[in-house]
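Observations on the three-dimensional arrangement
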Amino acid sequence: MNNPDKTGLKPTCREAHRLVSEGMDRELSFVERSRLRVHLMVCDACTRFNGQMGLLRSAMRGFPDDSAD
Amino acid sequence: MNPQDTLHRQLEVMRPLLVRFAQLQIRNQALAEDAVQDALIAVLEKPERFTGASSLRTYVTGILKFKIIDCLRSSTRERQLEAEPQQSDDDLIDALFLANGHTVTAPTAWGDPDATLTQKDFFRTLELCLEKLPAQTARVFMMREWLELETEEICKELTITSANAWVLLYRARVRLRECLDLNWFGQRVPQ
């Protein structure tokens, strides 16, 4: 397979990053959700990325902030 | 000053920021100015509708979002997206990962999110990062995260596929993350 995100049994950071983002825009399948969850349990880098995506979303929802001039 | 003058004055102060925001969606200054003007007129015509339950800015922003959605729907010309070279963006994602799928450099900690969102300059930095996005990427991202439209609706408006939209949104987030990391979090001493 040529898709660099499809990496067989073990979910990689590359797959997890994409799933974190797509999970914000569509409902992930059961398999995708499980793979992402398992990966986040063991990976600090992707957990951090996940948190940062959440911060980005909160920031955009509150934009423009009352203090931003 | 009577209340109407005060409101007028507050809206005038807010206007440049609103125009900058509209322009991230509608990359045509005249149309962006129109959308903002429509929103401001709507507020001025019915000032009694503003109950003060939210801040004035939140209230005006809410109205502006509807005006922008109207504008995107009605203006076919605006809807047409210029083709953008995708190569650099693919490189962008490729550059994050090693061949085995691991990150090249793990994202650094950003500290307390609640504290971040209360800092005024943070939003200015975020705005600058949004302005740096390629036009098409910025538009899809703003429709999703600012106008809070569902992917299906964005696809319908822009006649792109959902797969296309997800890729653009992913790229936008990666770019914004990097921009914020560099221009906001990177310069700050961890507390």
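Residues numbered from 1 in each chain as written. Chains lettered and ligands numbered in written order. Predicted model: local features only at pLDDT ≥ 70, side-chain atom pairs only at ≥ 80, totals over all residues. Heavy atoms only, no water.

**Comments concerning the packing of aromatic side chains**
Residues and elements named next belong to chain B. For clarity, the threshold we go by: Each Phe, Tyr or Trp ring (for Trp, its six-membered ring) is paired with any other whose centre lies within 6.5 Å, and the angle between the two planes then decides the class: stacked below 30 degrees, edge-to-face above 60, tilted in between. Here's how the labels work: a residue is buried when its accessible area is under 20% of the maximum for its type, exposed when over 50%, partly exposed in between, all with a 1.4 Å probe on protein chains only.
Using the criterion set out here, one finds 6 aromatic pairs over all chains in the structure. Aromatic pair Phe-122 and Phe-123: ring centres 5.6 Å apart, planes at 85°, arrangement edge-to-face. Just as Phe-122 is buried, Phe-123 falls in that class too. Measuring from centroid to centroid gives 5.7 Å for Phe-122 and Trp-184, while their planes differ by 70°, and the two rings are edge-to-face.

**Section: a nonpolar patch on the surface**
Note the cut-off: The patches reported here contain residues having more than 30% relative accessible area and no salt bridge. Joining distances are 9 Å for like charges and 5 Å for nonpolar side chains (Val, Leu, Ile, Met, Phe, Trp, Tyr). With residues, only the protein chains shown are counted as cover, and all accessible areas are computed by Shrake-Rupley using a 1.4 Å probe. The term salt bridge refers to a pairing of a side-chain nitrogen on Lys or Arg with a carboxyl oxygen on Asp or Glu at a separation within 4 Å. The way it works is that DSSP assigns letters per residue, a run of H or I at least four long becomes a helix, a run of E at least two long becomes a strand, and they are numbered from the N terminus.
A surface patch of nonpolar side chains, amounting to about 350 Å² of accessible area, comprises Val-38, Met-41 and Val-42 of chain A. For Val-42 of chain A, the position within the fold is in helix 2 (residues 30–42).

**A few points about the side chain of His-17 of chain A**
Applicable threshold: Any two residues whose heavy atoms approach within 4.5 Å at even a single point are treated as in contact.
Its location among the elements puts His-17 of chain A in helix 1 (residues 13–22). Ignoring any residue separated from it by four or fewer positions in sequence, one finds His-17 of chain A in contact with Cys-46 and Phe-49 of chain A together with Phe-97, Thr-103 and Tyr-170 of chain B.

**Structural notes on the state of the cysteines**
Formally, a disulfide is one covalent bond, and it connects the sulfur atom of one cysteine to the sulfur atom of another. We count it as follows: In what follows, a disulfide is any cysteine sulfur pair within 2.5 Å.
Summed over the entire model, instances satisfying the criterion amount to 1 disulfide over all chains. One disulfide bridge connects Cys-129 of chain B with Cys-179 of chain B, the sulfur atoms lying 2.1 Å from each other. With the S-S bond torsion at -80°, the cross-link from Cys-129 of chain B to Cys-179 of chain B turns out left-handed. Separated by 50 residues along the polypeptide, Cys-129 of chain B in helix 7 (residues 120–132) and Cys-179 of chain B in helix 10 (residues 162–185) bring together distant segments of the chain. Since its relative accessible area comes to 11%, Cys-179 of chain B is described here as buried. Residue Cys-13 of chain A stays outside any disulfide, its sulfur separated by 3.8 Å from that of Cys-43 of chain A, the closest cysteine. Cys-13 of chain A sits in the buried class, given a relative accessible area of 2%. Just so you know, Cys-46 of chain A is unpaired, no disulfide at all, and the nearest cysteine sulfur is the one on Cys-43 of chain A, 3.8 Å from it. On the basis of relative accessible area, Cys-46 of chain A is assigned to the buried category, the value being 1%.

**Here's the deal with the pattern of salt bridges**
This model, assessed by the stated rule, comprises 18 salt bridges over all chains. Note that Arg-18 of chain A is salt-bridged to Glu-22 of chain A, the shortest N-O span being 3.4 Å. Of this pair, Arg-18 of chain A and Glu-22 of chain A both sit in helix 1, 4 residues apart, which is roughly one turn of the helix. The two residues Arg-18 of chain A and Glu-22 of chain A agree in class, both being buried. Here Asp-25 of chain A and Arg-57 of chain A are joined by a salt bridge, their closest N and O atoms 4.0 Å apart. On the criterion of sequence distance, the pair formed by Asp-25 of chain A in the loop between helix 1 and helix 2 and Arg-57 of chain A in helix 3 (residues 44–61) is long-range, its members being 32 residues apart. Taking the relative accessible area as the measure of exposure, Asp-25 of chain A reaches 4% and is therefore buried. One connected set of salt bridges, linked through shared partners, spans Asp-25, Arg-57 and Arg-61 of chain A together with Arg-144, Glu-145, Glu-148 and Arg-173 of chain B.

**Description of the confidence of the model for chain B**
Here is the rule: pLDDT: the predictor's confidence for each residue, scored from 0 to 100.
Looking at chain B as a whole, the pLDDT averages 85, with 89% of positions reaching at least 70. Least confident of the elements in chain B is helix 4 (residues 76–79) of chain B, whose mean pLDDT is 55; most confident is helix 10 of chain B, at 93.

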